[in-house]
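What the coordinates show
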Amino acid sequence: MMRIFRRPQHEDEELVPAVAEHFLVRIISGEAQVEERELTGEWTKSEAGSGSFFLTQTDAPYLMRWQADPDRPFEVLHLYLGPTMVNRVARSLGLNPSRLSMREISGVQDAFISGVLTGLTAEIQTTHSASSLFVNGLLESLTVHLLRHYAQTQPSPTPRPAQLPAWKLRKALDHMEAHLAEPFDLDFLAGLCGMSRFHFSRSFHNTMGQSPSRWFIRRRVDHAKDLLSQTNRSIIEIALTRGYESASHFAQMFRRETGISPRDYRKL
């Protein structure tokens, strides 16, 4: 799965999920000072310029923040390499997939990777139908290069906690984001991903570092914060549009998440 995003020039904190796939991010345009940390760790800093890439296969979610050059658009490419292809390519190289892991890479330039991803982006954005043969060939070439230059061998197979594949995670997040004003429905989300309630909840927690209902509540509050700071709508109106039955219930949840009341937040 590959997607291109235009990011804001400044981000205080973004949660990066742990997913089952190898996750590669390439800076298409712009420059930024990027910091990363584990959920309870210290921030580490790196410089990211056009063409540099980040690579991760983390077992746990982590946090990122950045400050980009305000004079240039900050665009990034996200690419998830599925385990089926990675394992097949690893075996073709005589490697044992169960003992391989990718090294964590932050803000590195690699001419080969830049060339392949430039070709992939151009092919996918072309006006005619993209050639699956060409795309798969580029992805396999990229995977060979990553395994040769950025993989490391573990002394013994290391079991990974159950995590959501990127496409299932995106399906669940997109649905919740589009239905924040409606009641949280765990059964529907699990069914959307073809999983039981238990396995979906556990995999989501391993991937995002929080339960689905907790993520849903936080996104509701984040949207309410935007409405409080950017509009003159009344607090009761904001409460109702975010799915709360009363202003008092909204104020209670808002205070629990932010430490202050909606009224005081609006005064900041």
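Residues numbered from 1 in each chain as written. Predicted model: local features only at pLDDT ≥ 70, side-chain atom pairs only at ≥ 80, totals over all residues. Heavy atoms only, no water.

As annotated in an unreviewed UniProt entry, the protein chain carries the name HTH-type transcriptional activator Btr and comes from Komagataeibacter europaeus.

1. Some words on the packing of aromatic side chains
Applying the stated criterion across every chain, the model contains eight aromatic pairs. Pairing F200 with F204 gives two aromatic rings, centres 5.8 Å apart and planes at 45°, and the pair type is tilted. Of the two residues, F200 and F204 both sit in helix 6 (residues 197-208), four residues apart, roughly one turn of that helix. Through a chain of ring-to-ring contacts, three or more aromatic side chains come together here, namely Y244, F250, F254 and Y265. A cation over a ring is seen here: R7 above F5, with NZ or CZ 4.9 Å from the ring centre. The positively charged end of R220 is found above the aromatic ring belonging to Y244, 5.0 Å away from the centroid. (Phe/Tyr/Trp six-rings, centres within 6.5 Å; stacked < 30°, edge-to-face > 60°. Helix = DSSP H or I, 4+ residues; strand = E, 2+ residues; numbered from the N terminus. Lys NZ or Arg CZ within 6 Å of the ring centre and 35° of its normal.)

2. Digging into the pairing of strand 6 (residues 52-56)
Across the five residues of strand 6, five count as buried, placing the element largely inside the fold. Of the two faces of strand 6, both are covered, the one formed by S52, F54 and T56 as well as the one formed by F53 and L55. Summarising the sheet, strand 3 (residues 22-29) and strand 6 pair through four bridges and their orientation is antiparallel. Paired with L24 across the bridge in strand 6 is L55. In this structure, strand 6 lies alongside strand 10 (residues 105-109), joined through three bridges in antiparallel fashion. Across the sheet, the residue bridging to L55 is I105, located in strand 10. (Buried < 20%, exposed > 50% of the residue type's maximum accessible area, 1.4 Å probe, protein only. Pairing = 2+ DSSP bridges.)

3. With respect to the UniProt feature "domain: HTH araC/xylS-type" (unreviewed entry) in the protein chain
Here the UniProt feature "domain: HTH araC/xylS-type" (unreviewed entry) sits at residues 170-268. From the first C-alpha to the last, residues 170-268 spans 33 Å; its make-up is 73% helix and 0% strand. (UniProt positions renumbered as here; feature names shortened; annotations may be inferred.)

4. Quick word on helix 6
In this model helix 6 runs 16 Å from its N-terminal to its C-terminal C-alpha over 12 residues, within 8% of the 16 Å that 1.5 Å per residue would give. Restricting attention to buried positions, one finds in helix 6 the residues F200, S203, F204, T207 and M208. Take helix 6 and look down its axis: the buried residues cluster within an arc of 110°, on one side only. Residue G209 follows helix 6 closely and has a positive phi angle near 75°. (Expected span 1.5 Å × (residues − 1). Arc of directions from axis to C-beta.)

5. Digging into the nonpolar core
V34, F74, L169, L173, M176, F200 and F204 are the most contacted members of the largest nonpolar core, which totals 32 residues. Of all the secondary structure elements, the ones that give two or more residues to this core are strand 3, strand 4 (32-38), strand 7 (62-68), strand 8 (74-81), helix 4 (166-178), helix 5 (186-192), helix 6 and helix 7 (212-230). The greatest single-element share of this core, amounting to five residues, is contributed by helix 4. Those residues in contact with M176 that lie beyond four places of it in its chain are F184, L189, F204, P212, W215 and F216. Within the second largest apolar cluster, 24 residues are counted, among which are V89, I113, L117 and V135. (Core = buried A, V, L, I, M, F, W, Y, C linked by side-chain atoms within 4.5 Å. Contact = heavy atoms within 4.5 Å.)

6. Overview of the side chain of T121
Within the secondary structure layout, T121 lies in helix 2 (residues 111-124). Apart from residues no more than four positions distant in its own chain, T121 is found in contact with M2, I4 and L77.

7. Details of the sheet that holds strand 8
Taken in spatial order, the five strands make up an open sheet running 1-8-3-6-10, and their pairing is antiparallel. For this open sheet the edge positions go to strand 1 (2-7) and strand 10, each flanked by a neighbour on one side alone. Within this sheet the neighbouring strands show an average axis-to-axis angle of 25°, counted without direction. (Axes fitted to C-alpha atoms, helices over the stretch in contact; angles between N-to-C directions.)

8. Some thoughts on the sheet that holds strand 7
With respect to topology, four strands assemble into an open sheet ordered 2-7-4-5, the strand pairing being antiparallel. Whereas interior strands pair on both sides, the edge strands pair on one side only; in this sheet they are strand 2 (10-16) and strand 5 (44-48). Each neighbouring strand pair of the sheet contributes to a mean axis angle of 25°, computed without reference to strand direction.

9. Considerations on the packing of helix 2 against helix 3 (residues 132-150)
Running from N to C, helix 2 and helix 3 point in directions that differ by 160°, and their axes come no closer than 10 Å. The angle between helix 2 and helix 3 falls in the class roughly antiparallel. Helix-helix and strand crossings are classified by hand; for helix 2 and helix 3 the assignment is left-handed. Here F112, I113, V116, L117, G119, L120 and E123 of helix 2 lie close against helix 3, whose contacting residues are F134, V135, L138, L139, S141, L142, H145, L146 and Y150. Across the contact of helix 2 with helix 3, the residue classes break down as 12 nonpolar, three polar and one charged. (Parallel < 35°, antiparallel > 145°, perpendicular 65-115°, else oblique. Left-handed = near helix turned anticlockwise from the far one by under 90°. Nonpolar A, V, L, I, M, F, W, Y, C, P; charged D, E, K, R; others polar.)

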